[in-house]
Structures are given as C-alpha cells and as structure tokens.
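Listed below are the residues making up each chain.
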Amino acid sequence: MKPEILVFDVGGCEGCPVSILREYIRLSQKANVYSKHLGNIDTSRSYDIIIVTGSVCINDEEIVNTLKELRSKAKIMIAYGSCASVGNITLFSRGGQEPRPEHRTFQPVSAVVNVDYAIPGCPPAPSGLVSLVDALITGRGPLLRVFSAISKVRRLSGFDLMDEVVLSGLCIGCGACIVSCPTNALHMIEKRPDLIVEKCIRCGTCCSRCPVFTRILVYRLNPELKLLGGGK
Amino acid sequence: MPNTFKITDLARIGGEARFLVYHDGRKVIDSFFISRAPIRGFEKLMVGKNPIFAIEAAMRICGICHAAHGIAAVEAIENSVGIAPPPNGIYLREIIGLLNRIQSHIVHMIFITRDLLRENMAEQMIRREIKLLVDVSNLLTRFGGAPTHPPYIVLGGVQSLPKERYIEDSNKKLKGMRDEFYEINNIFFDEQYWSEKASLLSQMKVQVKYLASHPFYGDRYNINVDEVTAIRYEKFRRKEEVPEDVKKTTSLIALYRGDIVEVGPRARLSLYGRFKDDSLLGIQRARLMEIVLAIDRILELLANISLTEPPKTPTIIFRRGVGIAVYEAPRGTLIHNVEIDSEGRIAKYRIIVPTMFNIPVMEKASVGVPIECADVVPRLYDPCIPCSTHLIRVNNG
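Residues numbered from 1 in each chain as written. Chains lettered and ligands numbered in written order. Predicted model: local features only at pLDDT ≥ 70, side-chain atom pairs only at ≥ 80, totals over all residues. Heavy atoms only, no water.

So, on to the nonpolar core. Proteins that are soluble and globular tend to have nonpolar side chains buried together. Of all hydrophobic cores here, the largest spans 212 residues; its most connected members are I78(A), F181(B), L280(B) and Y381(B). Residue contributions to this core peak at 13 residues, all from helix α4 (residues 87-116) of chain B. When sequence neighbours within four positions are dropped, the list of residues in contact with I78(A) reads I49(A), I50(A), I51(A), V52(A), V115(A), Y117(A), I119(A), L129(A), L132(A) and L136(A). (Core = buried A, V, L, I, M, F, W, Y, C linked by side-chain atoms within 4.5 Å. Buried < 20%, exposed > 50% of the residue type's maximum accessible area, 1.4 Å probe, protein only. Helix = DSSP H or I, 4+ residues; strand = E, 2+ residues; numbered from the N terminus. Contact = heavy atoms within 4.5 Å.)

Bringing the environment of R142(B) into the picture now. With respect to the element layout, R142(B) can be found in helix α5 (residues 119-144). For the pair formed by R142(B) and A374(B), sequence separation is 232 residues and the distance between their alpha carbons is 40 Å.

All names here are of chain B. The tally for this structure, following the rule as stated, stands at five aromatic pairs over all chains. When the ring of Y22 is compared with that of F32, the centres are 6.1 Å apart and the planes differ by 75°; the resulting orientation is edge-to-face. Placement of the pair is Y22 in strand β2 (residues 17-23) and F32 in strand β3 (residues 28-35), with a sequence separation of 10 residues. The exposure classification of Y22 matches that of F32, with both residues buried. For the cation-ring pair, R285 lies above F189, with the distance from its terminal atom to the ring centre recorded as 4.9 Å. (Phe/Tyr/Trp six-rings, centres within 6.5 Å; stacked < 30°, edge-to-face > 60°. Lys NZ or Arg CZ within 6 Å of the ring centre and 35° of its normal.)

This part takes up the interface of chain A and chain B. Each side of the interface is counted separately: chain A has 43 residues, and chain B has 58 residues. Buried area between chain A and chain B, summed over both chains or domains, comes out near 4,300 Å², and the portion from carbon and sulfur atoms is 59%. With its nearest N and O atoms 3.1 Å apart, the salt bridge here joins R18(B) to E62(A). Contributions of two or more residues to the side of chain A that touches chain B are made by α1 (15-22), α2 (24-30) and α3 (61-72) of chain A. For the side of chain A that touches chain B, the leading source of residues is α1(A), giving four residues. Class assignment for the residues of the side of chain A that touches chain B results in 18 nonpolar, 14 polar and 11 charged. (Buried area = accessible area lost by both parts, 1.4 Å probe. Salt bridge = Lys/Arg side-chain N within 4 Å of Asp/Glu carboxyl O. Nonpolar A, V, L, I, M, F, W, Y, C, P; charged D, E, K, R; others polar.)

All names here are of chain B. Looking at chain B as a whole, the pLDDT averages 91, with 95% of positions reaching at least 70. Throughout residues 390-397 the model reports pLDDT below 50, and contacts reaching past four residues in sequence, or to other chains, amount to 40 contacts. ipTM for the predicted complex: 0.95, alongside a pTM of 0.95. (pLDDT = per-residue confidence, 0-100.)

Let us look at the sheet that holds β2(B). Residue and element names in this part refer to chain B. If you walk across this open sheet you meet the three strands as β1-β2-β3, and the pairing is antiparallel. Bordering the open sheet on either side are β1 (5-9) and β3, each of which pairs with just one other strand. Between one strand and the next, the sheet's axes are offset by a mean angle of 20°, whatever the strand orientation. The pairing of β2 with β3 spans seven bridges and is classified as antiparallel. In the sheet register, Y22 faces β3, and the bridge partner there is D30. Where helix α11 (residues 354-366) meets the sheet, its contacts fall on β2 and β3, and the angle it forms with β3 comes to roughly 155°. (Pairing = 2+ DSSP bridges. Axes fitted to C-alpha atoms, helices over the stretch in contact; angles between N-to-C directions.)

Residues and elements named next belong to chain B. One can find A68 in helix α3 (residues 66-81). For A68, a relative accessible area of 1% corresponds to the buried category. In this structure, the C-alpha to C-alpha distance between A68 and A58, residues 10 residues apart in sequence, is 9.3 Å.

With that settled, consider α3(B). Residues and elements named next belong to chain B. Its 16 residues give α3 an end-to-end C-alpha distance of 23 Å, which sits within 8% of 22 Å, the value for a rise of 1.5 Å per residue. In terms of residue burial, α3 counts as a mostly covered element, since 15 of its 16 residues are buried. Just downstream of α3 lies G82, where phi reads positive at about 75°. (Expected span 1.5 Å × (residues − 1).)

Residue and element names in this part refer to chain A. Taken as a whole and judged by the stated rule, the model has zero disulfides over all chains. C206 supplies the cysteine sulfur nearest to C207, a cysteine that is in no disulfide, at a spacing of 4.0 Å. Classification of C207 by relative accessible area gives buried; the value is 0%. Cysteine C210 remains unbridged, with the sulfur of C174 as its closest cysteine sulfur at 6.2 Å. Residue classification places C210 among the buried positions, given a relative accessible area of 7%. (Disulfide = S-S within 2.5 Å.)

Residue and element names in this part refer to chain A. Pairing within the open sheet is parallel, and its five strands lie in the order β2-β1-β3-β5-β7. Each edge of the open sheet is held by one strand with a lone partner, namely β2 (32-35) and β7 (117-119). For this sheet, the mean angle separating the axes of adjacent strands, direction not counted, is 20°. Pairing geometry for strand β1 (residues 4-9) and β2, over four bridges, is parallel.

The structure is reproduced here in structure tokens:
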C-alpha cells in the first residue's frame, strides 16, 4: 500500500510547496499526496508522512497549535526547505509591521515540535524529497542519516560552514557548497570557499551539501532513524 | 447585514486565506477576504542591512512571484544610487521576469483547472500543466540561475550571460511551449469543455477601473505612486460592521486615487492592448493570452542579446538616496520604495503588492455570484498571500 503524505505550509513564501508540485507526478507514483495546492487537504486524519514547509511564527498561537496537532497525526515529520529546517531569512524578522506588529519571532519547526528529518534549501531540489521518500520506504539510502542529523540542529549557515570546515582546515575543495548556494554567497579562492557575508541568508544549504560537514553532524549527533513500516 | 454566512478555507491559492461570505441562501450579498499567513515583516527586516542583502530578502517575500520582487528591489536600489544596467542586463532581466510571469500563471492554471474544466478533462490537463511548469522552471534556471528566487538578478544588471547554445535551444523550447499553450488555450476557451461553474461565471460581470504601468516590464512614470494609498481593513470598510474574524487579517488594502482598481493580466491587456472582457472569466482569458504574448516577447528579446557585451555595469557605489520601482508582477502592479542612508544601508523599505489592490475587487466581484461558486471568485484573481502580508502603511489614507 502506498504511504499517505500531507504537504502543509505554516507560513513561508510558498516556494517550497510549489517546488514539490513540480515533482508531483513522480511523487504520486510512490505515495498518495495531499496538499492545499491540490485541493484535497484534510488535517483531521493521520498520515504516514507530514511534510512541513515555512518557519513558525511563535507569536501566533493558532499556528503553533496547528503544528502540534499535525505532529500528533504524523508517523514521520519532515521539515522541507530552509525556513522549516533552520529558520533561513525569517530568523531576521523583528516584528513591528502593520497590521500585525506582534508577529516578532520566527523559528524552525523543530523549535516547536520534534522533527524526524530536515531538508534545507531555498527551496531544495524536489528530487531530493522523492529520494528521501524512497529511502523511508526501503530503509536504505545515504540521505537518511544526514537529513535526520540536520533535524536536530536549529541553525545552519555559511558562517557555520566557514567555522567548522574551511577555517578548521578540513575543506577538501570539492565546490559542492558553491554550486548549492541559492544566493551565490560562496565563491572559490585558491581552492578554498570564501563567504560573501552580506549575501548569506542563513539557509544552511551549503552545510547540508558539504561532504565533510555532514559527516561531522552525523558523527556528533548519531541520529536514530525512523522508517515507514518498521517503526524506528 | 444578513446573518447567514459561510466561511471557506481557501484551497488552491498561493498562501493561507479565508473567504467569509454573507448570502441569502442562493447568492452572495457581501464577502470578506481574510489573509491568515503570519507577517514575516520584510520591510522591517531589511532596515539597517546592506542593499545586497535586501535584494536576496525581497526575492524571498514570495516563492511564486520571486523574480518580480527581485527585479523591483534592484530597480528601486539602482534608482536610489543613480545607476542603470547595460542593454544586455535590461533584456535579460525582462526575460527572467517574463519567465517568472509564465511560471506563476501556470501555477495558477494548476490551481484553477478543477474549477473551470469538466472533471474528465481536469486531471489530464493538470499533468500537462505540471510538465509545462517543469519546462519553464528549467528555462528560468538557465537565464536566472535557479527555478525559484533566481540569484542572477543583481545590482547593475544580471550576473552572467547565457551560453550561446542555451539561447538557440531556448528558442526551440519556447516555440514548442507556445504551440502547447495554443492547444491548452483552445481547450480553456471552448465552452464544450467548461464545468458548470465556468459557464455560470462567464455570465457574471465586474466593472472596476484598471491600473497597469507596462504590458511586459514596468514603468514608474506611467502611474503616480503618490496616489497609492494603503489602509487597514477596518478603515476600508468603516461604514459597515466588520466581523471579528476579519479583524485578524494579516493584509492591508491598496487603493489608487481613493478608488478600487483591478491590477493584473486583464488590466495590462485592456490598457495597453485592445482586450475587452469584463466577465469573471475574462481575467482568466487574459492570463492565458498573456502567456503566449510573454513567449513572443522573450523570443524578441533573445534576438537582441549580444554575447560580446557585458550583462551588468562594473561600478556600483552606495550613497544616500531614495529610489522607487514600479514593476508588473504576474498578478499586477508591484511597487518597491527604498531609502538608503549615508552609510549605504537600508533606512526605509516599503512595498505595495498587487493582491492588496485586488482584494476589494474580488469582494465586489463576488456579489451576486451563486454561493456554490463563491470560492472560485478569489481564486480567479490569483491572490498571493505571502506577498500581501508584507506591506506597511504608505499614506494614511
């Protein structure tokens, strides 16, 4: 039987759910997909996987409660995109804007509920989500440990990449971070990445693509894997 | 105010919104559009930041009309510091913006197809539209650097020139897409394929003024930005009792010269072309026509690109200044207004988005519509909630 997947946005830019729409045909071959964009959403029932996009405005009680309720209905919860995974640019929000100046603080989904996997990207390549769903069904795949480890951290950015990998002398100069950066904030100088700080939006995509950083995260956090069918 | 009402959580739109409809059992008497997405507050978020960061931020206001916000942001900042891109930069920016317009219109088609076409046609059509969405997103990756939030939109022009073989190949792909859209338009315009809702909506009319600044790009000299007013919902509806739910809305309302104005595809084609269709389905007809026109325009622009000329201006010096940009986003007229301080940082940033103009139009258009079609009316106007929640008061109105 195909797993049941709900895609739910808690207040992002909609770029992530629209990117999932691009892979709808492939995804629907592996799972039954429900989302607001498809017009078949039902938040009253349980799902095998709930994919959450957007960061959480912790000043909005209704959104916080909705998210907690969704968590109770999901066997596996995936934070999809940088806002849901690590906060992204919304971490800079400071409120004070009409007509709801009280909306001051935005945080990743993991600040409110336990998340099983997180895929940073602004937005991520939706093919990565299809691969993750595949891996959750089969229990195999290199992405599981990486995305599970990322779900346990609340911040990732080009600054972390510089501190943990480049300035620590661990960079192998593969250039994966540069190719993955959605704002072109990283460039290569003498086979070492350099960060253009004013362009870094704290999306953490570079960290999640860096072969060294991902190994560090998996080693440090030693994440448990939750899979479909077999429980943990 | 009659006490029979219905609240619908609007599905198949960009973002979180509700539509509160008062009715007499048969038809809509009054309606209220309520945005539910939280306010991330981009205008406040940008204050104190480097303009380069502000461009990246502006592009992330919306994941559907991302390039429109990016282009409006760079134009406003360029205007404030007094620089202009070279011809290649201008052509490529327009191409990126138009690809985003096509992308956004296709996303909307995916949302609205189930309302307008017969059930047996809809599923097949949606799959066709998704394929086109993938194709246009691939083209945007070539010219803009990414299918969403294209990073090649930079101050002074565009980051890099496309490869020669990409231009040739894109020409072919665009012509193929145009043929596909002609076929799709024929299906959408053919009454035999229409759903019952589509037939009903084609007989309903809405008469409002139109506002647009340019058919393809945007021109700040074609509208008077000082006459745009943004007000809170309660003030807009001050003569009536605004229901409690509506007070929770996260959007403001925009007016031009104190009037409700429709912005978007129909406004552009009516003011800069000979389009005439004031039925509720007219806006959809205009949107579909715009896709074909946008492809033709991109083909024209591609022919103008010179691969031996630079795509951006080499010197950018930030200084104190005020800049404004008016751009025609997929949903209509978008205004970015920036003030840069003496240290070259953002001092003030203000944005007016098209959905704010269209909210009162949707509400007016829904009056008299059979209640079973009520939720289709806002969907026809393609409201964009992530955008509409990012607006601060410009004039006190």
